[in-house]
Number of protein chains: 2
Amino acid sequence: MVEDVVRSFGFLTLGTRIKRLGERLQADTQRIMDELGAPLQASQYPFLAAVDRLGPLTVGELAEAVGITQPGATRTVAQLVELGMLEAKAAPDDQRRRIVSLSREGKRLVAAAKSDVWPRIRSAVADLCGNLDGPLLDQLAAIEDGLAAAPLDRRAGKVTL
Amino acid sequence: MVEDVVRSFGFLTLGTRIKRLGERLQADTQRIMDELGAPLQASQYPFLAAVDRLGPLTVGELAEAVGITQPGATRTVAQLVELGMLEAKAAPDDQRRRIVSLSREGKRLVAAAKSDVWPRIRSAVADLCGNLDGPLLDQLAAIEDGLAAAPLDRRAGKVTL
DNA sequence: CAATGTTATATAACTAGTAATGTAGTTGGA
DNA sequence: TCCAACTACATTACTAGTTATATAACATTG
C-alpha cells in the first residue's frame, strides 16, 4: 500500500484531488442509476434537469446553466436529441439560435427520476457528507474515507431528505 | 445570465459540481505554471512529486500514489520518459515490473518547482480556501465565488505558507 | 443597402481519465 | 518439471471535458 501523495500534498494538489473526488462521486452515482434502470449517463441528467427547471433554453444558455463550454453542450444536446429526450428547433426570430426543450419521452423520464432516482441519490450523498463541518481538507478526507468504507450505492437506504 | 442549476440542485449534483470545480482549479493552476515557465502539464507533476517523495516506484505503485488507474499511469509515465523527466527500467528480479525514477533533468525540474512554483500555488490556494469552515456546500459556494472574483493566478502574491 | 463586424452554433483536434482485454513474465502444485 | 493461474504492464476503445476555429445568421453603419 503506497501513500496517497495527492492527499499528502495538501493545498498544492487540491485541484487534482477535488477533480478525482468528483469523478469518484459521479461513478458511484452512475451505479445507483444503473441499478434503478435509469437509461442515461449521469453527465446527461443535468441537461434534462436544467430544461425541466428553467424551461426551453438555447444551446448557449444550457452550457451556462450546467457550467460547461458551448461545444460540450452542443455535443450532449445532440446525443439527447438522438436519444429522443430533447427536441431542438431554430428560434423563429433568430435562425442562429436553437431552442432546446424536453420531448414527451424526456418529460416522462424526468418525472420518473424525480420520484424514484433523484431522492435516492440525494439521500446517499447527504448520508456521506450532510453532517460534515470544519476545514475543507478535513472534510475532503472524511468524504474519501467514507466512500472507501461504504460507496454511495450502499448508502441509499432511506429516501428521506 | 442563466441560473447555475448544478449549484442549485445541492447534493443531487454534487459529483458534477465537485468535478467541475477541480477542473477549474487545475486550469488556474496551469496558468500560474505557464506564467512561471514550468514546462509540463499540471496533471503530470503529481508523478514527479510522487517519485521525489517516495523514491523509485513501479508503474502500479505510481498509479496508486497519484490515485488513478494503471492504464492512465502507464500513459503519463510514457510521456514523462519521452520528455526526459523520468527513467524506467525493468526490475532485475522481476522483468514484468518497471521501476520508474527521476532523471537528472527531472530532479532539476522538481528542485526548481519546489523552490519557485509550488510555494506560489500553495499560497494562492490557501488564500482562496485556507480560512473556510462550515458545511460543505457553503464552502464550495465560497470557493466558486472566490474564483469568480479573483482567479488563482491573481492570488499568488505572498509566497508564505 | 452592401460591406463589415458580431453572435450562435458546429466542427476538429486535443487532454486525461475510464473499463475491458491482451501479453509476457512469474509462481505454485500435480 | 511443466502447465495453469496469477501478476504487471500495455493496448484499445470509449467518455466527457477543453481550446481554437469555421460557418451561417443577424446587426450596424458609411
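Residues numbered from 1 in each chain as written. Chains lettered and ligands numbered in written order. Predicted model: local features only at pLDDT ≥ 70, side-chain atom pairs only at ≥ 80, totals over all residues.

Draft legend 1. Region of interest: the protein's contact with DNA strand D. Among the 19 residues in the neighbourhood of DNA strand D, the closest are listed as A:Gln41, A:Thr69, B:Thr58, B:Gly60 and B:Pro71. Of all the secondary structure elements, the ones that give two or more residues to the surface near DNA strand D are helix H5 (70–82) of chain A together with helix H4 (59–66), helix H5 (70–82) and strand E3 (94–102) of chain B. For the surface near DNA strand D, a count of residues per class yields four nonpolar, 10 polar and five charged. (Near = placed C-beta within 6 Å. Helix = DSSP H or I, 4+ residues; strand = E, 2+ residues; numbered from the N terminus. Nonpolar A, V, L, I, M, F, W, Y, C, P; charged D, E, K, R; others polar.)

Draft legend 2. Up close: H4(B). Across the eight residues of H4(B), seven count as buried, placing the element largely inside the fold. What H4(B) keeps buried is the set B:Val59, B:Glu61, B:Leu62, B:Ala63, B:Glu64, B:Ala65 and B:Val66. Along its buried surface, H4(B) packs onto helix H1 (5–8) of chain A together with helix H3 (45–54), strand E1 (57–58), H5 and E3 of chain B. (Buried ≥ 20, exposed ≤ 12 C-beta atoms within 10 Å, placed from the backbone. Contact = placed C-beta atoms within 7 Å.)

Draft legend 3. Structural detail: the packing of H3(B) against helix H6 (residues 104–129) of chain B. Residue and element names in this part refer to chain B. Across the interface, H3 lies against H6 with an axial gap of 10 Å and an inter-helix angle of 100 degrees. Comparing the axis directions of H3 and H6 gives the class roughly perpendicular. Within the contact between the two elements, H3 uses Tyr45, Leu48 and Asp52 and H6 uses Gly106, Leu109, Val110 and Ala113. Partitioned by chemical class, the residues of the contact of H3 with H6 number five nonpolar, one polar and one charged. (Axes fitted to C-alpha atoms, helices over the stretch in contact; angles between N-to-C directions. Parallel < 35°, antiparallel > 145°, perpendicular 65-115°, else oblique.)

Draft legend 4. Just the pairing of E3(B), in detail. Residues and elements named next belong to chain B. Where E1 and E3 come together, two bridges link them in antiparallel fashion. Counted as the bridge partner of threonine 58 is isoleucine 99 from E3. Note: strand E2 (residues 86–91) against E3, six bridges, orientation antiparallel. Paired with leucine 86 across the two strands is leucine 102, which belongs to E3. Connecting E2 to the next strand, E3, in antiparallel fashion are two residues. (Pairing = 2+ DSSP bridges.)

All we've got here are geometric facts, nothing functional implied.
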